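Understanding the architecture of this molecule
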Amino acid sequence: MIQILTFRNRYCSRQKRTCLNFRVFHNHPRPYSIQLEKPNNANNPKLKKPLQPPSYASILQGLRELEPLQQVHGRIITSGLEHNIFLSNRLMNSYASCGVLTVAELIFHRIRCKTVVSWTILISGFAKNDFYNEAFEVFCKMKMSGFLPNAVTLTSILPVFANLGLIQFGRSVHCLLIRFGLEINIFVETSLVDMYAKCGLLSVARKQFDAMPEKNVVSWNAIISGYSDYGFGEEALHLFKTMQRNGFTADFITVMSLIAACSSIACLQIGYLIRSFTIRSGFDNDLLVKTALMEMYVKLKCVEDAFRIFNEEMLVKDVVTWTLMLSSFSDAGYGNKAMDILNEMITMDGISLDSVALMGMISSCSKSGSMQQGRRVHGLTIKTGFEDYTFVGSAFIDMYSNCGSLDSAKKFFEGMEETDVVCWNSMIAGLGMNGYGDDAVDLFLRMKGSGIEPNNSTFVCVLCACSHAGMVDKGLQIFDLMFKKWNIVPNLQHYSCIVDLLGRAGQLDDAYSLINNMPLKPDAGVYGALLAACNVHRNIKLGLEISQKLFQLELNDAGYYVLLSNMHATAGNWEGVKMTRVSLRSKGLKKDPGRSSIEIDRTVHTFMAGDKYHPQYPEISDFLRSLIERIEAAGHVPDTKFVFQDVPDEVKRDLLYHHSEKLAIAFGLLRSKPGTTIRIVKNLRICNDCHNASKFISKTFGRELIIKDINHFHTFQDGVCSCKDFW
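Chains are numbered independently. Their residues run from 1 in the order of the written sequence. Totals for whole chains, interfaces and linings use all residues, but because this is a predicted model, local features are given only for residues with pLDDT of at least 70 and pairs of side-chain atoms are given and counted only at 80 or more. Where side-chain values are given, they derive from all heavy atoms of the structure, hydrogens and water being excluded.

Identification of the protein as Pentatricopeptide repeat from Macleaya cordata is taken from an unreviewed UniProt entry.

Next comes the structure, spelled out in structure tokens:
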């Protein structure tokens, strides 16, 4: 899934901290000015007679709306009580509760004799409304003014340190508490636990928590959410059980932390138990809880369960849940369902699309190869005013490149008023993916003159471009200059690119020598690149040696087992094939089936290898049979050695004919107008037989075929492929 914000980061925290006794609102923009209304005494009987400060204070304590608050404020001014410290503090508190921090700050500056309470109210007001930098500035000024914070001040400022990552300031305040013997109560201790946990110092947070003589549910939530957020789900669940044994009842924050903990454990059975607990606890109807459960199921690769909640149980949906469902279908390879969600999002009233939602839409179109829908999203982006955002621009460059429309990607890139390194990386990667290695290197060299410095990702993109184009010498030269010229130390991704570069070119011994002499310990990416090269170049001996090193890493990637199985099959070692598949099943892994997607009239159709369940399969099958006859008459010979099963040749030929890309091509020829370019996205590497067949189809039917496999773009035209048979 592309990196988009999780739904929890896009909502204000619903944890009620005990800083001050006022209501927490969602974010409000800080207004630059606000006009106080004149008191309307006729509509408010309480204000007909002059009131004393205690009476105004009582009224202010119950106000939670801006208009009556302004009326009371105006009355206080006309009564000559605006400099009363007690009323000023109450007014600040009320305005902070309404999120109007500008007025609260103005009142604060007009207080002649400020007290620690005045400072604390302003700090807490900024903190509660997520203005952490402003809260920190006020705290520093308070210290410089000679005021010593009290317990409420500390409870307010410690979360600020946590959210800004200022752990050293947090430690200093903790020392201040001990040094001056300030009052330490359950609220201060809980804030300390929360701060240390949010900053990742879980051992310190746990020590502080265990030392607390008294705990409440907020204290338990602080430590549980700390472990949950940093991926220690099992410890979070253990603490929850201890919390229950101590007689505490879970609240909303507890439930959200448990769901996050389950996601990190990656155990579906525990996920079902957590779901049952949310129902029993009465939180199942909460929108945030349902969205969290959806995210949990997505992380557990149970997209159907997530969609069941989305489709059947969520009566009210917001832009976050729609974006989550769209991205989930897209990441799981359900291109047609992702496009259904996209269509609903575009046409639905009442949903205000933000940049995150648009990024999810663009990414979904990119992954499914749906350029028609991508152009719709492009128009929607212009309409909503997000087109000039550089991160949106890089996403469109990536989308057009992934859809095989390199001209559109170039046009968008060249038309951007402002670019960053991500935009340049996307364009370099797009050129490389489409086989234009020389252009990718030229653009990389232009980048230096633009004033933008390349980063680690830039070199991954340009080295991959060299690899796909077979530019071994140029790739090695750039790799050699990484540190010498740009002062960037190569990491494992860069070494993986070089191994792939050498392996694709058939220089397997050089690639293996590089692995044995590299300064870093090889990972799965490095070994996997060489194993794939061994499979392509039929070096069974070296492939077996590399596979042993790979499996020692205890990986949970079925792809490496499939590569090894295919190598055994190529060598005719069917016993080796059987043993590899047994190992695959024993680890609970499943081979990712081949699937190809094609967009016709803004609808994405996905075909699986051997798929006979498409509603139009009989028509597709008849057309595919005639297609095969025509290309065989033109000279195509099926390459059965790429069927890695011990079956008769006749069955192998039938399996080849029903590869997913052939089904998608047949459907595209049936459902598109003559002369239309057929664009297909495949989730695996295209096999040699489908590659050769596509050449003959492009010439026989006079069509341009653009097929994007997992690594490369193949543009077939008049019997020739753009990759020049190097992929």
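**What about helix 10 (residues 202–210)?**
The buried label applies to any residue whose accessible area, calculated with a 1.4 Å probe on protein chains only, is under 20% of its type's maximum; exposed applies above 50%, and partly exposed to all values in between. Numbering of helices and strands runs from the N terminus, with a helix taken as a DSSP run of H or I at least four residues long and a strand as a DSSP run of E at least two residues long. Three or more residues of helix 10 are buried, namely L202, A205, Q208 and F209. For helix 10, the arc enclosing every buried residue in end-on projection is 125°, short of the 170-degree limit, so these residues lie on one face. Across helix 10 from its buried face, at more than 90 degrees, point the exposed residues S203 and K207. What the arc measures is the spread of directions leading from the helix axis to the C-beta atoms.

**Observations concerning the nonpolar core**
Membership of the largest hydrophobic core comes to 178 residues, with the highest contact counts inside it found for L353, M361 and L530. Throughout, a residue-residue contact means that at least one pair of heavy atoms, one from each residue, lies within 4.5 Å. Leave out the neighbours within four places in its chain, and L530 touches V499, L508, A511, Y512, I515, L542 and I546. Among the nonpolar cores identified, the runner-up in size contains 29 residues, and C690, I697, I707 and F716 belong to it. The nonpolar core is taken to be a set of buried Ala, Val, Leu, Ile, Met, Phe, Trp, Tyr and Cys residues, with the residues joined through side-chain atoms within 4.5 Å.

**Structural notes on the sheet that holds strand 4 (residues 705–708)**
The 6 strands are arranged 2-1-3-4-5-6 in an open sheet whose pairing can be described as mixed. The sheet is open, and its two edges are formed by strand 2 (603–608) and strand 6 (720–721), each paired on a single side. Pairing between strands is defined by DSSP: at least two bridges between them are needed. Taken together, the 4 bridges between strand 3 (residues 678–682) and strand 4 define a ladder with parallel strand orientation. Paired with V681 across the two strands is K708, which belongs to strand 4. Where helix 35 (residues 660–671) meets the sheet, it contacts strand 1 (595–600), strand 2, strand 3 and strand 4, and its direction lies at approximately 15° from that of strand 1. Each axis is a line fitted through C-alpha atoms, and for a helix only the stretch in contact is used; angles between axes span 0 to 180 degrees, taken between their N-to-C directions.

**What about the UniProt feature "domain: DYW" (unreviewed entry) in the protein?**
UniProt positions are given in the numbering used here, feature names are shortened, and annotations may be inferred rather than shown by experiment. UniProt's feature table lists "domain: DYW" (unreviewed entry) at residues 635–727, given in the numbering used throughout. Structurally, residues 635–727 comprises 38% helix and 17% strand, and the distance from its first C-alpha atom to its last is 23 Å.

**Details of the pairing of strand 5 (residues 713–717)**
As paired elements, strand 4 and strand 5 share 4 bridges and run antiparallel to each other. If you follow I707 over to strand 5, its bridge partner there is H714. The turn linking strand 4 back onto strand 5 is made up of 4 residues. Two strands pair when backbone bridges link them, and strand 5 and strand 6 are joined in this way by 2 bridges, in the antiparallel orientation. Each residue of the ladder has a partner; that of F716, found in strand 6, is C721. In this structure, the hairpin formed by strand 5 and strand 6 is closed by a connection of 2 residues, where D718 is found at a positive phi of approximately 55°.

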